[in-house]
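Secondary and tertiary structure notes
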Amino acid sequence: MTKYLLTRLRQSLITLFLVSVVVFAGIRALPGDPALALAGEERSPEALAVIRESYGLNDNVVVQYGRFIGHALTGDLGTSSRTGLPVADAIGQALPVTLELAALSLLLAIVVGIGAGVVAAVRRGKPEEWLANAIALIGLSIPTFWLGIVLVLGFAIAVPVFAASGYVPFGTDPVDNLRRMVLPAIVLGSGLAAVVMRQTRAAMLDSLSADYVRTARAKGLSRGSVVGGHALRNSLVTVVTVLGLQLGHLISGAVVTEQIFVLPGFGKLTIDAVFTRDYATLQAVVLCTSAAYILINLLVDVVYSVIDPRIRLGGAR
């Protein structure tokens, strides 16, 4: 187990290094001069020269990259040209909002998606399967922005059960926090739940027709033990893969949902950085998003090894 984890950790660190190079190069390949964006209305040659010297823009690319990595390792992600505040502080305020939204959306997808997928596979050809497939098709087909507007009109305006916008930290008021986060979580998690349902159903159908399941039934095991302890566990490798990939998508792809519900999360921070050409913030946001993807993939590998020890033994060689 230790050897397997060390191997995956080494691969993740190499990937993170390569990602940092791509992010650094990609930001500098954007059109426009960062000094002009930082200068604002004061664009005299003297002011531009001072800005380039202050931010090290006159140094060669290798020196700039070394400085960028050195500061990032100490938690210094630069200063926002839009607000003048440290980028790390802005990310520290926005990231918890997006993480909570992603966690609630993932919880919804796991409960609804896996539950509906198991029912659809066990009750194949029955009305339960048709209903589950219909709901999954609806979840995949409805645009996020349309669903968000409909939920706001229905459950925040017509029947004011939930709040339509804004954010309150969970530690400040848990009830008000959930009132503001349930609708965004439904919007963001509905599509993922549909994907998880379809993948769970397909994997369960394969498992239920396997020899080991027929053997378990022949041994007289209960239906719940056969479905949950044998078929579902062996189907979870596929499901975990989908969840791992989609969790990274939830963190980085919550832009539309956060705009609809006016949540001060990672997506809104990214949009503001793009529109104002805040290069330091944009660079830090992309780097943090990439690191989140890498961390999630590492955690998925660990979960693989717990679900199926064969993967752990094969990956350690």
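Note: the structure precedes this text.
This text gives an overview of the structure that appears in the document. (Residues numbered from 1 in each chain as written. Predicted model: local features only at pLDDT ≥ 70, side-chain atom pairs only at ≥ 80, totals over all residues. Heavy atoms only, no water.)

1. Some words on the packing of aromatic side chains
Put simply, the test is: The pairing test for Phe, Tyr and Trp rings, Trp by its six-membered ring, is centres within 6.5 Å, and the orientation test on the planes gives stacked under 30 degrees, edge-to-face over 60, and tilted for anything in between. For the purposes of this entry, the term helix denotes a DSSP run of H or I that reaches at least four residues, the term strand denotes a run of E that reaches at least two, and both are numbered from the N terminus. Each residue is placed in one exposure class: buried if its accessible area under a 1.4 Å probe, protein chains only, is under 20% of its type's maximum, exposed if it is over 50%, and partly exposed if it falls in between.
One pass over the full model with this rule turns up three aromatic pairs. An angle of 75 degrees between the planes, with centres 5.4 Å apart, marks the rings of F24 and Y65 as edge-to-face. With F24 in helix α1 (residues 2-28) and Y65 in helix α4 (residues 61-73), the pair connects residues that are 41 residues apart, well separated along the chain. F24 gets classed as buried once you look at its relative accessible area, which sits at 2%. Among the residues examined, Y65 registers a relative accessible area of 17% and is labelled buried.

2. Focus on helix α12 (residues 266-275)
To keep it simple, the criterion reads: Here the arc refers to the set of directions running from the helix axis out to each C-beta atom.
Within the sequence span of α12, burial applies to F266, G267, L269 and A273. Burial along α12 is one-sided: seen end-on, the buried residues are contained in an arc of 160 degrees. R277 lies just past α12 and shows a positive phi near 55 degrees.

3. Details of the environment of L151
With respect to the secondary-structure elements, L151 resides in helix α7 (residues 144-158). Taking the C-alpha atoms as reference points, L151 and A164, 13 residues apart in sequence, are found 8.8 Å from one another.

4. Observations regarding the pattern of salt bridges
Where we set the bar: Every case where a carboxyl oxygen of Asp or Glu lies within 4 Å of a side-chain nitrogen of Lys or Arg is listed as a salt bridge.
This model, assessed by the stated rule, comprises five salt bridges. With a shortest N-O distance of 3.5 Å, E128 and R123 are connected by a salt bridge. Residues R180 and D176 are paired through a salt bridge, measuring 3.3 Å at the closest nitrogen-oxygen approach. With R180 and D176 both in helix α8 (residues 174-208), this residue pair falls four residues apart, about one helical turn. Taking the relative accessible area as the measure of exposure, R180 reaches 21% and is therefore partly exposed. Given the relative accessible area of 16%, D176 is considered buried.

5. Observations regarding helix α3 (residues 45-54)
An α-helix turns once per 3.6 residues; consequently, residues spaced three or four apart project the same way. Along α3, the residues that are buried comprise A47, L48 and I51. Burial along α3 is one-sided: seen end-on, the buried residues are contained in an arc of 100 degrees. More than 90 degrees from the buried face of α3, the exposed residues found are P45, E46, V50 and E53. Directly beyond the C-terminal end of α3, a positive phi value near 70 degrees is found at G56.

6. Things to note about the nonpolar core
In plain terms, the rule: Throughout this description, the term nonpolar core refers to a set of buried Ala, Val, Leu, Ile, Met, Phe, Trp, Tyr and Cys residues connected via side-chain atoms within 4.5 Å. Note on definitions: a residue-residue contact is assigned when non-hydrogen atoms from the two residues lie within 4.5 Å.
In terms of nonpolar packing, the biggest core is built from 36 residues, with L101, V196 and M204 touching the most fellow members. At the level of elements, α5 (87-122), α7, α8, α9 (211-218) and α10 (223-252) are the ones that each hand at least two residues to this core. Dropping the residues within four chain positions of it, L101 is found in contact with M181, P184, A185, L188, A254, T257, E258 and L263. Among the nonpolar cores identified, the runner-up in size contains 11 residues, and F24, I27, A273 and I294 belong to it.

7. Details of the packing of helix α6 (residues 127-141) against α8
What counts is decided by this rule: Geometry is summarised by axes, namely lines fitted to C-alpha atoms with helices restricted to the contacting stretch, and by angles between N-to-C directions that run from 0 to 180 degrees. For classification purposes, angles smaller than 35 degrees are called roughly parallel, those larger than 145 roughly antiparallel, those between 65 and 115 roughly perpendicular, and all remaining angles oblique. Crossings are sorted by hand: turned counterclockwise from the far helix by less than a right angle, the near helix makes the crossing left-handed, and turned clockwise it makes it right-handed. Each residue receives one of three labels: charged for Asp, Glu, Lys and Arg, nonpolar for Ala, Val, Leu, Ile, Met, Phe, Trp, Tyr, Cys and Pro, and polar for the others, Gly being one of them.
Direction vectors running N to C along α6 and α8 enclose 140 degrees, while the axes themselves pass 8 Å from each other. The angle between α6 and α8 places the two elements in the oblique class. Regarding α6 and α8, the two cross each other, and that crossing is left-handed. In this structure, α6 uses E129, A132, N133, A136, G139 and L140 to contact α8, whose residues at the interface are S190, G191, A194, V195, M197, R198 and R201. When grouped by side-chain class, the residues that make up the contact of α6 with α8 number six nonpolar, four polar and three charged.

8. As for unusual backbone geometry
In this structure, V262 takes a positive phi of about 50 degrees despite not being glycine. Mapped onto the elements, V262 comes out in the loop between α11 (255-260) and α12. The class of V262 is partly exposed, set by a relative accessible area of 45%.

9. Quick notes on the side chain of S290
Tracing the backbone shows S290 in helix α13 (residues 279-307). Taking relative accessible area as the criterion, S290 reaches 18% and is therefore assigned buried. Not counting residues up to four positions away in its chain, the partners in contact with S290 are V19 and V23.

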